[in-house]
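# Structural characterization, general
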Amino acid sequence: MVEIAVPDNPFLSAFNLLLDHFGPQCWWPAETPFEVMVGAVLTQNTNWGNVVKAIDNLRQAGLLDYHSLAACLPTDIAALIRPAGYYNLKAQRLVNLLQMVAESYHGELEAFLTDRPTSARENLLAVRGVGPETADSILLYACGRPVFVVDMYTHRVFSRHQLLAEETDYQTIQETFVNHLPVDAQLYNEYHALIVKVATSYCKKTNPRCSLCPLQGFNH
Ligand code: SF4
């Protein structure tokens, strides 16, 4: 992905610095849009390494497609996704998500994936256990829609650089980024991945490693 040169836009400057330092992140690490949807639920409150184990179990059981997983009992799903933690809760959330596709899209996954973003987002947010971050991750990484994903890392990095207030809600953070960036799914894809990368590499919750970080000195 090429850098975008826009002067006096700290959100684009930060993107360029991160891309220069880390390079393209090639997200989401999944083989199909359905796998992204499953991963977006499984990654809630756990690290990605645990999600990979759970996804591998589903893959080996031949359940990484919509109709196979939809035919599965929640208890069977729970047993397979155990490595991801909160496995009973997450199994039920996956079932809820699949039911939404069954009820709102007549069980046609492609109809969901190609639905208008506003309508798809509304349907996702109506699913019990799917909040804005999970919904937007699915819209961006499974549906390929230009929807900016916000997470705790986004808040941490950009509030530490005084570009977001300490108390800023999800929607306001999302609007702030969208207002400073071109509407571009590939850019949003890369930017969110880079924010996760810098937060997990340098911008830790305690003892951030600023002296080594590509955003050192940025906007300070
Ligand atoms: S580690 Fe320091 S320089 Fe890097 S993003 Fe966090 S606060 Fe900024």
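Just so it is clear, the structure is predicted and the values come from calculations on it, not from any experiment. (Residues numbered from 1 in each chain as written. Predicted model: local features only at pLDDT ≥ 70, side-chain atom pairs only at ≥ 80, totals over all residues. Heavy atoms only, no water.)

### Let's talk about the overall build of the protein
- Of the regular secondary structure elements, the protein holds 12 helices and 0 strands.
- What you see in the protein, going N to C, is helices and strands ordered as α-α-α-α-α-α-α-α-α-α-α-α.
- Computed over the C-alpha atoms, the radius of gyration of the protein is 18 Å, within 12% of the 17 Å expected from 2.2 N^0.38 for a compact globule of 220 residues.
- Here the protein holds 220 residues, and 49% of them are scored as buried.
- Here the protein displays about 10800 Å² of accessible surface, and carbon together with sulfur accounts for 51% of that area.
- The average position of the 15 basic charges and that of the 22 acidic charges among the side chains of the protein differ by 10 Å. (Helix = DSSP H or I, 4+ residues; strand = E, 2+ residues; numbered from the N terminus. Rg over C-alpha atoms; globule rule 2.2 N^0.38 Å. Buried < 20%, exposed > 50% of the residue type's maximum accessible area, 1.4 Å probe, protein only. Areas by Shrake-Rupley, 256 points an atom, 1.4 Å probe, with all protein chains shown as cover. Lys, Arg positive; Asp, Glu negative; His and termini not counted. Charge placed at Lys NZ, Arg CZ, Asp CG, Glu CD.)

### Some words on the site of the ligand
- All residues adjacent to the ligand are Val-157, Arg-160, His-161, Tyr-202, Cys-203, Pro-208, Cys-210, Cys-213, Leu-215 and Gln-216.
- Split into classes, the residues belonging to the shell around the ligand amount to 7 nonpolar, 2 polar and 1 charged. (Near = heavy atom within 4 Å. Nonpolar A, V, L, I, M, F, W, Y, C, P; charged D, E, K, R; others polar.)

### A look at the side chain of Arg-156
- The residue Arg-156 is located in helix 10 (residues 152-160) in this model.
- No salt bridge forms around the buried Arg-156; measuring N to O, its nearest opposite-charge neighbour Asp-151 is 8.8 Å away.
- Arg-156 has contacts with Ala-199, Cys-203, Lys-204 and Lys-205, leaving out every residue within four places of it along the chain. (Salt bridge = Lys/Arg side-chain N within 4 Å of Asp/Glu carboxyl O. Contact = heavy atoms within 4.5 Å.)

### What about the environment of Gly-217?
- Secondary-structure assignment places Gly-217 in the segment after helix 12 (185-201).
- Taking relative accessible area as the criterion, Gly-217 reaches 52% and is therefore assigned exposed.
- Expressed as a C-alpha distance, the spacing of Gly-217 and His-67, which sit 150 residues apart in the sequence, is 50 Å.

### Focus: the nonpolar core
- In terms of nonpolar packing, the biggest core is built from 78 residues, with Met-37, Leu-42, Phe-112, Phe-158, Phe-177 and Tyr-191 touching the most fellow members.
- The leading source of residues in this core is helix 12, at 10 residues.
- Two domains each provide a minimum of three residues to this core, namely domain 1 (10-26 + 149-212) and domain 2 (33-142).
- In this view, Phe-177 contacts Phe-11, Phe-148, Thr-154, Phe-158, Leu-164, Tyr-191 and Ile-195; residues no more than four positions away in its chain are not counted. (Core = buried A, V, L, I, M, F, W, Y, C linked by side-chain atoms within 4.5 Å. Domains from an automatic or database assignment.)

### What to know about the domain arrangement of the protein
- Domain boundaries assigned for the protein yield domain 1 (10-26 + 149-212) and domain 2 (33-142).
- The gap between the C-alpha centroids of domain 1 and domain 2 is 25 Å.
- Across the boundary between the two partners, domain 1 contributes 10 residues, which contact 7 residues of domain 2.
- With both chains or domains summed, domain 1 and domain 2 bury close to 660 Å², and 63% of this area falls on carbon and sulfur atoms.
- In this assembly, domain 1 and domain 2 are joined by 4 residue pairs in polar contact (both at pLDDT 80 or more).
- Those elements giving two or more residues to the side of domain 1 that touches domain 2 turn out to be helix 11 (170-180) and helix 12.
- The biggest single contributor to the side of domain 1 that touches domain 2 is helix 12, with 5 residues.
- The residue inventory of the side of domain 1 that touches domain 2, partitioned by class, reads 6 nonpolar, 3 polar and 1 charged. (Buried area = accessible area lost by both parts, 1.4 Å probe. Polar contact = N/O pair within 3.5 Å; in protein donor to acceptor, adjacent residues only side chain to side chain.)

### What to know about the packing of helix 2 (residues 33-42) against helix 9 (residues 132-142)
- Between helix 2 and helix 9, the least distance of the axes is 9 Å, while the angle of their chain directions is 160 degrees. Compared by their axis directions, helix 2 and helix 9 come out roughly antiparallel. At the point where helix 2 passes helix 9, the crossing takes the right-handed sense. Taken together, the residues of helix 9 that come into contact with helix 2 (itself represented by Pro-33, Val-36, Met-37, Ala-40 and Val-41) are Thr-134, Ser-137, Ile-138, Tyr-141 and Ala-142.
- Per-class residue counts for the contact of helix 2 with helix 9 are 8 nonpolar, 2 polar and no charged. (Axes fitted to C-alpha atoms, helices over the stretch in contact; angles between N-to-C directions. Parallel < 35°, antiparallel > 145°, perpendicular 65-115°, else oblique. Left-handed = near helix turned anticlockwise from the far one by under 90°.)

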